[in-house]
Amino acid sequence: MEGGGGREKEEEQDGVSVHSPCKAPPSSASSLPKEQQEVELELRLLEALEIYPPVKLRGIHRHFVLYGLMEFLWKSLDRHFSPDEVLQLLDRFYNLEVLKPDDEEVDILNHEEDFCLPQSYFVKEES
């Protein structure tokens, strides 16, 4: 009979049976705050997208918009985010492949031209 009493103590900890459905498994208990953090992060990102729409991530202003998103998230959540982290978050909601510049756009942005003032600037007016 003593063996049976020891078994009861194993099955019951803190007045709750180990097999009780009321007691959540340790893994799900630790994941709940993480899920809440993810939801909070996604909500803050969606708020930031009101100011910095993803369409503006295309073109020459891309880096400024990305920086603005990083700053908004940092101020909202008191945590620094890298550009890659912000892009991964955006990738959950949007197809970022569409926002990548095409070859024609890259050529235009990389085109260099020497600057020179017009000749009329150098012509002196004679009185």
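J.: Looking at this structure, how should I read the overall build of the chain?
T.: Secondary structure assignment for the chain yields five helices and two strands. Put simply, the chain runs from its N terminus to its C terminus through helices and strands in the order α-β-β-α-α-α-α. Per-residue burial over the chain gives 17% buried out of 127 residues. Residue pairs at least 24 apart in sequence account for 49% of intrachain contacts in the chain once pairs closer than 6 positions are excluded.

J.: Please clarify how helix H4 (residues 83-93) should be interpreted in this entry.
T.: Every α-helix carries 3.6 residues per turn, so stepping three or four residues along brings you back to the same face. Looking only at H4, the buried set comprises Val86, Leu87, Leu89 and Leu90. For H4, the arc enclosing every buried residue in end-on projection is 160°, short of the 170-degree limit, so these residues lie on one face. Facing away from the buried surface of H4 by more than 90 degrees, the exposed residues are Asp84 and Gln88.

J.: What exactly am I supposed to notice about the nonpolar core here?
T.: As a rule of thumb, nonpolar side chains are buried together in soluble globular proteins. The biggest cluster of nonpolar side chains holds 17 residues, and the ones touching the most others in it are Leu69, Leu73, Val86 and Leu90. The dominant element in this core, judged by the number of residues it contributes, is helix H3 (residues 62-77), at five residues. With sequence-adjacent residues up to four places away left out, Leu73 is seen in contact with Leu41, Arg44, Leu45, Asp78, Arg79, Phe81, Val86 and Leu89.

J.: Would you mind showing me how to read unusual backbone geometry here?
T.: Most peptide bonds take the trans configuration, and most residues that are not glycine carry a negative phi. A positive phi is found at Asp78, a non-glycine position, where the angle reads about 55°. Relative to the assigned elements, Asp78 resides in the loop between H3 and H4.

J.: Just checking my understanding: could you explain the side chain of Arg44 for this structure?
T.: Here Arg44 shows up in helix H2 (residues 26-51). Among all residues touching Arg44, those that are not within four sequence positions of it are Phe72, Leu73, Ser76 and Leu77.

J.: Help me understand a nonpolar patch on the surface in this model?
T.: Together, Val39, Leu43, Leu46, Phe93 and Tyr94 make up an exposed nonpolar region whose accessible area comes to about 420 Å². For the nonpolar patch, the element with the highest residue contribution is H2, accounting for three residues. Turning to its location among the elements, Leu43 is positioned in helix H2.

J.: I would appreciate a short explanation of the environment of Tyr52 in the present structure.
T.: Structurally, Tyr52 is set in the loop between H2 and H3. For Tyr52, a relative accessible area of 26% translates into the label partly exposed. As a C-alpha pair, Tyr52 and Leu69 span 17 residues in sequence and 6.8 Å in three-dimensional space. When neighbours within four sequence positions are excluded, Tyr52 is seen to be in contact with Val65, Gly68 and Leu69.

J.: Just checking my understanding: could you explain the pattern of salt bridges for this structure?
T.: Between side chains of opposite charge, pairing is possible as soon as their charged atoms come close. Applying the stated criterion across every chain, the model contains five salt bridges. A salt bridge links Glu42 to Arg92; the shortest N-O distance between them is 2.6 Å. Taken together, the positions of Glu42 in helix H2 and Arg92 in helix H4 put the pair 50 residues apart, joining distant regions of the chain. The class of Glu42 is partly exposed, set by a relative accessible area of 25%.

Cut-off values and rules
Residues numbered from 1 in each chain as written. Predicted model: local features only at pLDDT ≥ 70, side-chain atom pairs only at ≥ 80, totals over all residues. Heavy atoms only, no water. Helix = DSSP H or I, 4+ residues; strand = E, 2+ residues; numbered from the N terminus. Buried < 20%, exposed > 50% of the residue type's maximum accessible area, 1.4 Å probe, protein only. Contact = heavy atoms within 4.5 Å. Arc of directions from axis to C-beta. Core = buried A, V, L, I, M, F, W, Y, C linked by side-chain atoms within 4.5 Å. Patch = residues over 30% accessible without salt bridge, like charges linked within 9 Å, V, L, I, M, F, W, Y side chains within 5 Å. Areas by Shrake-Rupley, 256 points an atom, 1.4 Å probe, with all protein chains shown as cover. Salt bridge = Lys/Arg side-chain N within 4 Å of Asp/Glu carboxyl O.

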